[in-house]
Amino acid sequence: MARRLFEENRPSEGDRILYPGCGGEAPFAKAVEAICREKGYPLPSGLAVENDPGLAEQAESLEINHLRLRKVDFLGPELAEEGPFDYVLGNPPYVPIEGLSKEEKARYRSSFQVAKGRFDLYLLFFERALSLLSPSGRLVFVTPEKWEYVETARPFRKMVTGGRRGGASYHVEEINHIDEDAFPQLTAYPSVTTIRRIEGDTAAGRTTRIRTRDGMSHQAQLPSGGESWAAVVRGKDLSGMETGLTLGDVTVRVSPGMATGADAVFVFGKDEVPEGLAPKWTRPTVSGEELTHGGASDPKSVFACPYRSDGTLPEESELGAFGEWARQHRERLENRSCVQKVGKRWYAWHETPPMKDILRPKIVFKDIAKEPKFWAERTAEIIPRHTVYYLVPEEGVSFDQLLDYLNGPVAKEWMEAHCQRAANGFLRLQSRVLRKLPVPTEVARERQGALAF
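Cut-offs used in this document
- Residues numbered from 1 in each chain as written.
- Predicted model: local features only at pLDDT ≥ 70, side-chain atom pairs only at ≥ 80, totals over all residues.
- Heavy atoms only, no water.
- Helix = DSSP H or I, 4+ residues; strand = E, 2+ residues; numbered from the N terminus.
- Buried < 20%, exposed > 50% of the residue type's maximum accessible area, 1.4 Å probe, protein only.
- Contact = heavy atoms within 4.5 Å.
- Areas by Shrake-Rupley, 256 points an atom, 1.4 Å probe, with all protein chains shown as cover.
- Lys, Arg positive; Asp, Glu negative; His and termini not counted.
- Charge placed at Lys NZ, Arg CZ, Asp CG, Glu CD.
- Disulfide = S-S within 2.5 Å.
- Pairing = 2+ DSSP bridges.
- Polar contact = N/O pair within 3.5 Å; in protein donor to acceptor, adjacent residues only side chain to side chain.
- Salt bridge = Lys/Arg side-chain N within 4 Å of Asp/Glu carboxyl O.
- Phe/Tyr/Trp six-rings, centres within 6.5 Å; stacked < 30°, edge-to-face > 60°.
- Lys NZ or Arg CZ within 6 Å of the ring centre and 35° of its normal.
- Axes fitted to C-alpha atoms, helices over the stretch in contact; angles between N-to-C directions.
- Core = buried A, V, L, I, M, F, W, Y, C linked by side-chain atoms within 4.5 Å.

S.K.: Can you break down the overall build of the protein chain residue by residue, with the values?
M.R.: Each helix and strand counted, the protein chain has 17 helices and 20 strands in total. Its C-alpha atoms put the protein chain at 80 × 55 × 35 Å along the principal axes. Counting over 453 residues, the protein chain shows a buried share of 49%. Nonlocal contacts in the protein chain, meaning residues at least 24 apart in sequence, comprise 71% of its contacts between residues at least 6 apart. With an accessible surface of roughly 21,200 Å², the protein chain has 47% of that area assigned to carbon and sulfur atoms. Counting 61 positive and 65 negative side-chain charges, the protein chain places the centres of these two groups 3 Å from one another.

S.K.: Just give me the short version of the state of the cysteines, but keep the residues and values in it.
M.R.: Counted under the stated rule, the structure contains zero disulfides. Sulfur of Cys36: no disulfide; nearest cysteine sulfur belongs to Cys22 and is 17 Å away.

S.K.: How would you explain the sheet that holds strand S11 (residues 267-269) if you had to name every residue and give the values?
M.R.: In spatial order, the strands read S11-S13-S12-S17; together these four strands make up an open sheet with mixed pairing. At either end of the open sheet lies a strand with only one pairing partner, and these are S11 and strand S17 (383-384).

S.K.: Tell me what's going on with the pairing of strand S9 (residues 217-220), and back it up with residues and numbers.
M.R.: Relative to S9, strand S8 (residues 208-211) is paired through four bridges, and the arrangement is antiparallel. What sits directly across from Ile210, in S9, is His218. Linkage of S8 to S9, two consecutive antiparallel strands, is achieved through a turn of five residues, within which Gly215 is found at a positive phi near 90 degrees.

S.K.: If you had to explain the side chain of Lys362 to someone new, which residues and values would you point to?
M.R.: With respect to the helices and strands, the residue Lys362 is situated in strand S14 (residues 362-366). A polar contact of 2.5 Å, which involves the side chain of Lys362, links it to the side chain of Glu377. A polar contact of 2.9 Å, which involves the side chain of Lys362, links it to the backbone oxygen of Ile382.

S.K.: Summarise the pattern of salt bridges; cite the residues concerned and give the values.
M.R.: Inspection of every chain in the model, using the stated rule, returns 35 salt bridges. A cluster of three or more residues bridged by salt bridges with shared partners is formed by Arg4, Glu7, Arg138, Glu173, Glu174, Arg196, Arg209 and Arg211.

S.K.: Hey, could you go over the environment of Arg128 for me, with residue numbers and the actual values?
M.R.: Inspection of the secondary structure assignment puts Arg128 in helix H5 (residues 121-131). The sequence separation of Arg128 and Phe112 amounts to 16 residues, and the corresponding C-alpha distance is 8.2 Å. Filtering out sequence-adjacent residues up to four positions away, Arg128 remains in contact with Phe74, Leu75, Gly76 and Phe112. A polar contact of 2.9 Å, which involves the side chain of Arg128, links it to the backbone oxygen of Phe74.

S.K.: Tell me about the packing of aromatic side chains, and please be specific about residues and values.
M.R.: Applying the stated criterion to the full structure yields 22 aromatic pairs. Aromatic side chains Tyr94 and Phe183 sit 6.3 Å apart centroid to centroid with 90 degrees between the ring planes, which places their arrangement in the edge-to-face category. Taken as a pair, Tyr94 in the loop between strand S4 (85-90) and helix H4 (102-111) and Phe183 in the loop between strand S6 (168-177) and strand S7 (190-199) lie far apart in primary sequence, 89 residues in all. Judged by its relative accessible area of 23%, Tyr94 falls in the partly exposed class. A cation over a ring is seen here: Arg16 above Phe85, with NZ or CZ 4.3 Å from the ring centre. Taking the ring centre of Tyr149 as reference, the NZ or CZ of Arg234 above it sits at 5.1 Å.

S.K.: A description of helix H6 (residues 154-161) should follow, citing residues and the corresponding values.
M.R.: Among the residues of H6, those classed as buried are Phe156, Arg157, Met159, Val160 and Thr161. Looking at the buried positions of H6, the neighbouring elements they touch are H5, S6 and S7.

S.K.: Mind laying out the sheet that holds strand S18 (residues 388-393), listing which residues take part and the relevant values?
M.R.: Paired through their backbone hydrogen bonds, the strands of a sheet run either parallel or antiparallel. Pairing is antiparallel in the open sheet, where four strands are placed in the order S10-S18-S14-S16. Either end of the sheet is taken by a strand with one partner, and the two such strands are strand S10 (251-256) and strand S16 (374-377). The sheet shows a mean angle of 20 degrees between the axes of neighbouring strands, direction not considered. Inspection of the sheet shows S14 paired to S16 by four bridges, in the antiparallel sense. Paired with Val364 across the strands is Trp375, a residue of S16. Across the face of the sheet, helix H14 (residues 399-406) comes into contact with S14, S16 and S18 while running at roughly 160 degrees to S16.

S.K.: Quick one: what's the story with the environment of Lys102, residue by residue and with numbers?
M.R.: Mapping Lys102 onto the fold places it in helix H4. Each C-alpha atom of the pair Lys102 and Arg157 lies 25 Å from the other, and the pair is 55 residues apart in sequence.

S.K.: Lay out the nonpolar core with the relevant residues and their values.
M.R.: Among the nonpolar cores identified, the biggest contains 45 residues, and Leu124 and Phe156 are the most heavily contacted of them. If you list the elements that add at least two residues to this core, you get strand S2 (45-49), S4, H5, strand S5 (133-144), H6, S6 and helix H7 (230-233). If one sorts the elements of this core by residue count, H5 sits on top with eight residues. Residue contacts for Phe156: discarding those within four places in its chain leaves Val114, Leu123, Phe126, Glu127, Leu130, Trp147 and Ile195.

What follows is the structure in structure tokens.
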């Protein structure tokens, strides 16, 4: 990363370098000193920022000649007068929104353009660091790659490709995808991103060098509207797939299966159902593991289900045999967050099942898969568990044509280009992404014909 920072960009006397969240060992500062010594470059004047007292004390004890340390919050107001910097180098913290306090979330949302939706802290580090760059300054960060395509990062993608911000615009010069196990005990699918600040110009028409994990590289022009870069970054040109309609247009629902908040209580093997529950108070169900081994044709497990076919939940006095069984587990069920925090009835599921949709013929698939695979569930009886997603075709859409398409090579290529990566090369088949999958002309025509009728 330090070599990339100085590539065709050697430092001059008086240049300044910033290390956000430098850590106790200050590895980036050490790398900069080593490379400047090796190349005979003048050493930039360095500012390290570290808010953790223990790490700051450790970094302070190091003998790094060019470094000055400030024990402040990099995302706070204290650094406003410190810029600009010719270089920024670092590994910002990866902290999802769940790891932030209510006060922190409110403060960040009011101070940062990219603090939208379920933002991660490293996006805010990007924004603050870019604002501190000097004209023609360069930043190199290592972060999870998912900012290239997740919806939460849309504002940041737009910021670095969509024109001026505060009199400056930016050019993403390179995205280098490094080994997924680069960080011990953390699967982050990391990428090293190089961004240059452009003063008095725009990044329009400029290309980005993309390096993929298989060692290949290509040049790409990144979309400027904030949309996902996944297909472009992965070198996939799928523009010919567009038909005007997407999977979201031809389905009633694309959703994850049901979460009860206590599957250990609500799920049984179909031969182990407590006396009195079957058949009135049970529904067949299927998990991701069961799909792998047997598909959806012969589910091996059942839900204890208190819901009627219209999705309503009976009063406790109406539960009969279900109530007698459930009261044996009442303490466990009352301790679920959906009861404690949301106020749901103690015998309800964590999520209310949309029975009108879920009890229809549907196509089911695993939420995380090495290769996308889709199964038919034609009985309209199975309620998928949370690790199984399902989609319900609209009336007039050919079930079999849609199923064949989803299992075919064209849809697979699109999913491999657009879906988020999980560990070991697996794909996350998220409903938000799949709804954007273009549907084939045959399915589109069928649906359009149904609408016209």
